[in-house]
2 protein chains.
Amino acid sequence: MSAPFKKLALIGIGLIGSSIALAARRHGLVDAIAIATRKSETLDEARALNLGDVYSLDATEAVRGADLVILCVPVGAYGSVMETIAPVLEPGTILSDVGSVKAFVHKILAPMVPKGVSLIPGHPLAGTEHSGPAAGFAELFMRRWCVLTPDADTSQADVEKLSAFWRGMGSQVETMDPAHHDRVLAITSHIPHLVAYNIVGTVADLEADTQSEVIKFSASGFRDFTRIAASDPVMWRDVFLTNREAVLEMLGRFSEDLSVLQRAVRSGDGAALEAMFTRTRAIRRSVIDAGQETAAPDFGRPHQSDIDTAPDSVVRDHGGGDDA
Amino acid sequence: MSAPFKKLALIGIGLIGSSIALAARRHGLVDAIAIATRKSETLDEARALNLGDVYSLDATEAVRGADLVILCVPVGAYGSVMETIAPVLEPGTILSDVGSVKAFVHKILAPMVPKGVSLIPGHPLAGTEHSGPAAGFAELFMRRWCVLTPDADTSQADVEKLSAFWRGMGSQVETMDPAHHDRVLAITSHIPHLVAYNIVGTVADLEADTQSEVIKFSASGFRDFTRIAASDPVMWRDVFLTNREAVLEMLGRFSEDLSVLQRAVRSGDGAALEAMFTRTRAIRRSVIDAGQETAAPDFGRPHQSDIDTAPDSVVRDHGGGDDA
């Protein structure tokens, strides 16, 4: 029997694109995979890794005849990519993406979508701090959420078809309003990353001797911030440029709260500090109750146990930790 | 042959105290372990777990005849504990602790130390977010740093004896000036924890519907902040009350840097954001070069691999990750 999709066109072949290529093939979700990227070295790397069936530096070539097109380039490049491929998008094609922001994606893509093409932006909540075609692996989406943000008038059949594609790669699929997605991700992902980049930047400015010891004792918590702060700079630049309102609103709340904590520290208000440090435990409990806790903090990364086991298997908790 | 120490007195038997009891016994570092704690339920729990040889609600009983006394109570309780035990501390005894701040510990303990007793404050950079006698495990200190902050006039023989004790439990030992320790830990541990408590607190204030989705999609990074923000509130209250100057100085730098990032987001300065997100990679490389990276972000927690293997074994890297 034939696969759900005849031809998948991946525009951009970094960590997410290469992982989709490997997962879609492993699970028989597509008959053929066409890969397009701007840099010839990247294309050669993808070819050497045997990620697809056809390779091209011209996105239109990859898109021609494809019934599923997924943009896997930084959000900032969507406009120029869409200008290129719009003319060859055929009716019946599903156009999606993997960008970390969604309202901006609708705003930039929707006006350019040809009649008969279903625009269904998506965001797989998965990744590692590694970049490039060689960073991908087929298990990346295992037990990870993939959020789809179709418009109200999008074909339900197409939404279901794309949902089945992501479920086929091991994801749990959720549909959501684009603006709501951006607001939720601003606090679950964008602010945590901004804070991580910030604290690592603060250390980068410390005098050399202190900095070397900070690095030496980084396991006390700092190390885990350096990991998220090693993520792709261009991707994150675009996230903050294109989700500005939601990020600034959440950052405003964060900064106000931090000022309150700072005042409590300065004034030695132990009662306020203890109260603050206690109320956060309820949120922690909710995370565990929601089944969102796993064996170790992973900033969204699948654990070896996830990779070794089926999506419905239980993840054992080895216990968590922090240093003082 | 007899163990390096005849009698170890543990004042306080939470996560760290119980882990010391289990590790010291497993590695034959002490002949006997005396455990003292204020709450009778906690003492009963420690007895049921067979953590020691003698148990008492009276710290003086535990300390009498001990050649190694380690305070494992929140730093805020040191004063009253020391008033109680000082009269029974015998010459030749080593008095240490496991508090997360060190300058304050010297200030509060030093004046009360009897002649002939060696005060050698310590800080094992290890822990989990779990509390209580049942949370301890013998492998907690494996390959973790333990920082000792002796005074210049402290007996070198005693410093070496206590260092050997920690190395015997699997730790790497470093001696450091107390004020310098507090400054380094402020940025490696205290600020990361403050920031984690803060961001979880921000979420605690969000409207219910957004909050439930934040929890649902918490694997995108937020979840790992909830883990550190679940740490013992009283211990952390005392950390911020007793390391105020260093925390406020580092927090000031952090806030200034955050304002710069915030302005770059508000003004859409992509070049500044990309530059900021790129320079942090050098720090990340230093952390890896320093051999401080492990299989997964763990906020100081030992991984299963650490627990299964010897201190000098190699930790495999399963690759890191972050979500957008």
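Residues numbered from 1 in each chain as written. Chains lettered and ligands numbered in written order. Predicted model: local features only at pLDDT ≥ 70, side-chain atom pairs only at ≥ 80, totals over all residues. Heavy atoms only, no water.

1. Some thoughts on the overall build of chain A
Piece 1. Scanning chain A from N- to C-terminus turns up 13 helices and nine strands.
Piece 2. Buried positions account for 62% of the 324 residues belonging to chain A.
Piece 3. Of the contacts made within chain A by residues no fewer than 6 positions apart, 74% connect residues no fewer than 24 positions apart.
Piece 4. With an accessible surface of roughly 11500 Å², chain A has 54% of that area assigned to carbon and sulfur atoms. (Helix = DSSP H or I, 4+ residues; strand = E, 2+ residues; numbered from the N terminus. Buried < 20%, exposed > 50% of the residue type's maximum accessible area, 1.4 Å probe, protein only. Contact = heavy atoms within 4.5 Å. Areas by Shrake-Rupley, 256 points an atom, 1.4 Å probe, with all protein chains shown as cover.)

2. Some remarks on helix α4 (residues 78-85) of chain B
Residue and element names in this part refer to chain B.
Piece 1. When α4 is considered as a whole, its buried residues turn out to be Tyr-78, Gly-79, Val-81, Met-82 and Ile-85. Summarising the axial view, the buried residues of α4 lie within an arc of 165°, below the 170-degree limit, and thus occupy one face.
Piece 2. Packed against the buried residues of α4 are β1 (5-11), α3 (59-63), β4 (68-71), β5 (94-97) and α5 (103-109). (Arc of directions from axis to C-beta.)

3. Concerning the packing of aromatic side chains
Piece 1. Tallied over the entire structure, the rule returns 15 aromatic pairs over all chains.
Piece 2. A ring pair is formed by Phe-217 of chain A and Trp-145 of chain B, whose centres lie 5.2 Å apart and whose planes are at 75°; its orientation type is edge-to-face. You can see Phe-217 of chain A sitting in the loop between α8 (208-216) and α9 (222-228) and its partner Trp-145 of chain B sitting in strand β8 (residues 145-148), one on each of two chains. For the pair Phe-217 of chain A and Trp-145 of chain B, a shared accessibility class is recorded, and that class is buried. (Phe/Tyr/Trp six-rings, centres within 6.5 Å; stacked < 30°, edge-to-face > 60°.)

4. What to know about the packing of helix α12 (residues 270-289) of chain A against helix α10 (residues 233-242) of chain B
Piece 1. At a minimum axis separation of 9 Å, α12 of chain A and α10 of chain B run at an interaxial angle of 140°. Compared by their axis directions, α12 of chain A and α10 of chain B come out oblique. For the pair α12 of chain A and α10 of chain B, the sense of crossing is right-handed. Of the residues in α10 of chain B, those touching α12 of chain A at Gly-270, Leu-273, Glu-274, Phe-277, Thr-278 and Arg-281 of chain A are Pro-233, Val-234, Trp-236, Arg-237, Phe-240 and Leu-241 of chain B.
Piece 2. Split into classes, the residues belonging to the contact of α12 of chain A with α10 of chain B amount to seven nonpolar, two polar and three charged. (Axes fitted to C-alpha atoms, helices over the stretch in contact; angles between N-to-C directions. Parallel < 35°, antiparallel > 145°, perpendicular 65-115°, else oblique. Left-handed = near helix turned anticlockwise from the far one by under 90°. Nonpolar A, V, L, I, M, F, W, Y, C, P; charged D, E, K, R; others polar.)

5. What to know about the side chain of Glu-139 of chain A
Piece 1. Looking at the element boundaries, Glu-139 of chain A is found in the loop between β7 (122-124) and β8 (145-148).
Piece 2. Using a relative accessible area of 13% as the deciding quantity, one classes Glu-139 of chain A as buried.

6. Thoughts on the pairing of β5 of chain B
Residues and elements named next belong to chain B.
Piece 1. Residues of β5 alternate between two faces, with Ile-94 and Ser-96 on one and Leu-95 and Asp-97 on the opposite face, all of them buried.
Piece 2. For the crossover from β4 across α4 to β5, the handedness is right-handed.
Piece 3. Bridging between β5 and strand β6 (residues 118-119) involves two bridges; their strand directions are parallel. In the sheet register, Ile-94 faces β6, and the bridge partner there is Ser-118. (Right-handed = clockwise from strand over helix to strand, strands pointing away. Pairing = 2+ DSSP bridges.)

7. Some words on the relation of the copies chain A and chain B
Piece 1. Superposing chain A onto chain B takes a rotation of 180° combined with a translation of 0.0 Å along the rotation axis, leaving an RMSD of 0.0 Å. These values place the two chain copies in the arrangement generated by a two-fold rotation axis. (Least-squares fit on C-alpha atoms with pLDDT ≥ 70 in both.)

8. Some remarks on the environment of Leu-10 of chain B
All names here are of chain B.
Piece 1. Its location among the elements puts Leu-10 in strand β1.
Piece 2. For the pair Leu-10 and Leu-71, spaced 61 residues apart in sequence, the C-alpha separation works out to 6.2 Å.
Piece 3. What Leu-10 contacts, discounting residues up to four positions off in sequence, is Gly-17, Ile-20, Ala-21, Ile-33, Ala-34, Ile-35, Ala-36, Ile-70 and Cys-72.

9. Concerning the sheet that holds β8 of chain A
Residues and elements named next belong to chain A.
Piece 1. Strand order in this open sheet of three strands is β7-β8-β9, and the pairing throughout is mixed. Where the open sheet ends on each side, the last strands, each with one partner, are β7 and β9 (172-175). Taken pair by pair, the neighbouring strands of this sheet meet at an average axis angle of 20°, ignoring direction.
Piece 2. With three bridges joining them, β7 and β8 adopt antiparallel strand pairing.

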